[in-house]
Amino acid sequence: NSYRPQTQVAGSFEDSIVKYSTLVGDQDLLHKSIVPTDHFQWSLPRLPVPELANTCQRYLKSQQVILSDQEYARTEAAVKQFLNADGPVLHKELVAMDKENKHTSYISEPWFDMYLADRRPVVLNHNPFMAFTDDSKPEYMNQLIRATNMVVSSLRFMKTYRANLLEPDIFHLYPDKSDTLQFRKFVRLLPKSVSFYGAYWYKAFPLDMSQYPRLFNSTRIPRHDKDQLFTDVTAKHLLVLRNGHFYIFDVLDRDGSIVAPNVIMSHISYILEDKRPPPEHPIAALCTGNRDKWASNRIQLANAGVMNEKTLKLIDSAVFALILDDHAPTDPNEITRTFLHGDGVSRWFDKSFQLILTKDGRAAVNFEHAWGDGVAVLRYFNEVWKETTTKPFVHLTTPKAKVDSSAHVQHLDFMLDPILQENIKTAKSDFDRHVKSIGLDHLEYQTFNKSYIKKQKLSPDSVLQLAIQLAYTRQYGKTVATYESCSTAAFKHGRTETIRSATMATKTACDLFLNPKKNPTVADLRAAMLECSNVHSQLTKEAAMGQGFDRHLFALKYLAQNKGSLPDFFKDPSYAKLNHIILSTSTLSSPAVVIGGFGAVTPDGYGVGYSVEDSRIGFNVTNYPPATDVHGFINCLKQSLNDIYAVFDGKLPMK
Ligand code: BUJ
């Protein structure tokens, strides 16, 4: 299957579904969906390749917001030239290639490559994190209890998926109508070749689930020039990291059934009680750095001892990585540091995901981004949170199993040569420098909330995006390239599209709010905000429908590069400017997520994670000082939210 470039798979994904579904017992299942997990996968619509003229028009519209009149005129000319020459040729080729590859999307391969060919460290540059909301019952916040319950629920999620019994992902536009038993009973009867259309009739949109097979038993392997994704669905062990040490133990028995929760608990407890000092040469540091260096070190490691290669394979194939930290941060900024990068010795950032638990039972998922996006990870995350907070398997009163954990838990050791020892030292100091360079701060805001914004008849996301624009303009007096991530999972092998949320509407609104020469009335400001909301909602709709411009241009550029000649259009400084993302933003709103975040994507930019809920509005922002000032930005955000609230409240904001 060409949509899985650079991938090694031991045991095929499809096999795994068939093999396990006949064997799985009810006790290992999260639930039993009456609609098979893969029911819609075969009839999902294909991600459209936008019309080239539309792409160019959208591109220019976004450029207009950040360019001077002179720059814009040059860019307009570059677009015209592109449309008259190279553009249509490349576009035609892309459309033809897309037609020949109906099993996938036009963006799938270029997007995998974008991640896998990037030589920069995955830490801070790619891996995001999401932290779980605390369990409201303090006795379940115990590190051992929560880790065990989360491991058990993760395995149940995995087994349910592999049994084809996990509820398919569906975006319900009218949940009252379609998130119902009647809907499920109807769509399950439809043949797989048309099932999507049946759901569509209810305005329910099934989502692509092609990323799920890589959630478990998967890792990214460093290779020179371009990394590989690796999956081995036959492996039965969990990887545990603590205090720089690696351990594994089986969490599935010989039949593939989940090992008894109290046995898993005993093994975790055995690891938590291990008193050995941290290793002198923590090999985990190797995977935190430059990918080519890591690729060389991995080869060196495989050659340094007969068992090393095998041990690496045990890490690669493990169901996932459980991280047990010995400290207990309480400040949100410290929590972010713990889950975003940690200490670099008890992390394995290449695993598809790491489940991290602090000493006091706070938990988070940090995930590698090449294999998949937020939608798949969030689904897993929500299910684990729901089950562990409502139906935990072990409790403070659960007796430990009568099992000799020392016979089941294997401590992983590596043979190291002096070169590796030195390289590990270098990798660790590089890591320390790298993570020291990131700055961060957060804001929790409670003056108004999501329902309040809805009552104002505005889109909550557009209001938060306006707050971000207002904050940056207040801080630096200009409008810059802005990226908001939008899922295109409604399409087969869709990934993401960019919402360019800096618009002429937000620019105008910022000017009205902030320019001392303007004297708007409350009604003027309201009207400006409404316009921002309308424009933003339209852009969001277009992006979700695959009608942005970023991925199309990205794919055309990828095609041109592979042919060895890049049209001038892509060399235009304005193209670089729009793709030098200063405000990289992403939002998640789920009761299961208390905080999340990711690194700024440019040295002079901000990485803005935010959520808008009824309980609060929250921002978690990163940067690389001194180019920008994250604390100043957080202050500006607060002022912007206050200004917006003033208008909602019928008052003029203070200038
Ligand atoms: O766009 C893409 O293709 C993928 C993006 C890349 N990028 C992060 C650079 C935009 N990836 C994602 O969007 C996934 C991000 C997942 C983490 C999102 C964090 C959201 C945080 C919400 C909570 C904030 C509340 C703080 C309260 C103190």
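Check the entry above for the structure.
Digging into the overall build of the protein
So, step 1. Along the protein, the regular secondary structure elements total 23 helices and 19 strands.
So, step 2. Each of the three principal axes of the protein carries a C-alpha extent, and together these read 75 × 60 × 55 Å.
So, step 3. For the protein, the proportion of its 655 residues judged to be buried stands at 59%.
So, step 4. The contacts in the protein between residues at least 6 apart in sequence include a share of 78% that link residues at least 24 apart.
So, step 5. Surface summary for the protein: the accessible area is close to 26600 Å², and the carbon and sulfur share equals 55%.

A word on the packing of helix α18 (residues 460–476) against helix α23 (residues 630–648)
Two measures define how a pair of helices packs: the angle their axes make with one another and the distance between the axes.
So, step 1. Running from N to C, α18 and α23 cross one another at 125 degrees; their axes reach a closest spacing of 8 Å. As judged from the angle between their axes, α18 and α23 are oblique. Of the two possible hands of crossing, α18 and α23 adopt the one that is right-handed. Note on element contacts: α23 touches α18 through G632, F633, C636, L637, Q639, S640, L641, D643, I644 and F648, opposite V463, L466, A467, I468, L470, A471, Y472, R474 and Q475.
So, step 2. In terms of residue class, the contact of α18 with α23 is made up of 13 nonpolar, four polar and two charged.

Remarks on the side chain of H411
So, step 1. As for its position among the elements, H411 is in strand β12 (residues 410–412).
So, step 2. By relative accessible area, which is 18% here, H411 ends up buried.
So, step 3. Engagement of the side chain of H411 in a polar contact is seen with the side chain of H245, the distance being 2.9 Å.
So, step 4. Beyond its immediate chain neighbours, meaning those up to four positions away, H411 contacts H245, F246, Y247 and R276.

A few points about the site of the ligand
So, step 1. Close contacts around the ligand come from 25 residues, with H369, Y483, S485, T496 and S586 the closest.
So, step 2. In the model, a nitrogen atom of the ligand is placed 2.8 Å from a nitrogen or oxygen of the H369 side chain.
So, step 3. Measuring from an oxygen atom of the ligand, one finds a side-chain N or O atom of S485 at 2.6 Å.
So, step 4. Burial of the ligand by the surrounding chains reaches 94%, relative to a free accessible area of 730 Å².
So, step 5. Put simply, the parts of the chain that give the shell around the ligand at least two residues each are α5 (108–116), β13 (439–445), β14 (482–487), β16 (583–587), β17 (593–597), β18 (606–612) and β19 (617–623).
So, step 6. Residues belonging to the shell around the ligand are distributed by class as follows: 11 nonpolar, 12 polar and two charged.

Focus: the pairing of strand β9 (residues 321–324)
So, step 1. Burial along β9 is two-sided: A321 and I323 facing one way and L322 and L324 facing the other are all buried.
So, step 2. Here three bridges tie strand β7 (residues 237–242) to β9, and the two strands are oriented parallel to one another. The residue bridging V240 from the neighbouring strand is L322, located in β9.
So, step 3. The sheet contact formed by β9 and strand β10 (residues 353–357) spans four bridges and is parallel. Of the residues in β10, the one forming a bridge with A321 is Q354.
So, step 4. At this point the chain moves from β9, through helix α13 (residues 332–340), to the parallel β10, and the crossover so formed is right-handed.

Focus on the sheet that holds strand β11 (residues 363–367)
So, step 1. Pairing in this open sheet of eight strands is mixed, and the strands run β12-β8-β7-β9-β10-β11-β2-β17 from one edge to the other. Every interior strand has two partners, whereas the edge strands, β12 and β17, have only one. The mean angle between the axes of side-by-side strands here comes to 25 degrees, regardless of whether they run parallel or antiparallel.
So, step 2. Here three bridges tie strand β2 (residues 129–132) to β11, and the two strands are oriented antiparallel to one another. From the neighbouring strand, F129 faces β11, where its bridge partner is N366.

Some points on the pattern of salt bridges
So, step 1. By the definition in use, this model includes 41 salt bridges.
So, step 2. Among the ionic contacts, a cluster of salt bridges with common partners joins R119, R220, D227, R291, D292, D350 and E368.

Some words on a nonpolar patch on the surface
So, step 1. Together, F171, L173 and Y174 line one region of the surface with nonpolar side chains, adding up to about 300 Å² of accessible area.
So, step 2. Mapped onto the elements of the fold, Y174 is located in the loop between β3 (170–172) and α7 (175–178).

Re helix α11 (residues 291–304)
So, step 1. With 14 residues, α11 extends 19 Å between its outermost C-alpha atoms, agreeing within 8% with the 20 Å of an ideal straight helix rising 1.5 Å per residue.
So, step 2. For α11, every residue scored as buried is listed here: R291, W294, A295, N297, R298, L301 and A302. Down the axis of α11, the sector holding all buried residues measures 165 degrees, keeping them to one side. Exposed residues on α11 whose side chains face more than 90 degrees from its buried face are K293 and N303.

Rules used throughout
- Residues numbered from 1 in each chain as written.
- Predicted model: local features only at pLDDT ≥ 70, side-chain atom pairs only at ≥ 80, totals over all residues.
- Heavy atoms only, no water.
- Helix = DSSP H or I, 4+ residues; strand = E, 2+ residues; numbered from the N terminus.
- Buried < 20%, exposed > 50% of the residue type's maximum accessible area, 1.4 Å probe, protein only.
- Contact = heavy atoms within 4.5 Å.
- Areas by Shrake-Rupley, 256 points an atom, 1.4 Å probe, with all protein chains shown as cover.
- Axes fitted to C-alpha atoms, helices over the stretch in contact; angles between N-to-C directions.
- Parallel < 35°, antiparallel > 145°, perpendicular 65-115°, else oblique.
- Left-handed = near helix turned anticlockwise from the far one by under 90°.
- Nonpolar A, V, L, I, M, F, W, Y, C, P; charged D, E, K, R; others polar.
- Polar contact = N/O pair within 3.5 Å; in protein donor to acceptor, adjacent residues only side chain to side chain.
- Near = heavy atom within 4 Å.
- Pairing = 2+ DSSP bridges.
- Right-handed = clockwise from strand over helix to strand, strands pointing away.
- Salt bridge = Lys/Arg side-chain N within 4 Å of Asp/Glu carboxyl O.
- Patch = residues over 30% accessible without salt bridge, like charges linked within 9 Å, V, L, I, M, F, W, Y side chains within 5 Å.
- Expected span 1.5 Å × (residues − 1).
- Arc of directions from axis to C-beta.

These values are about where atoms sit, not about what they do.
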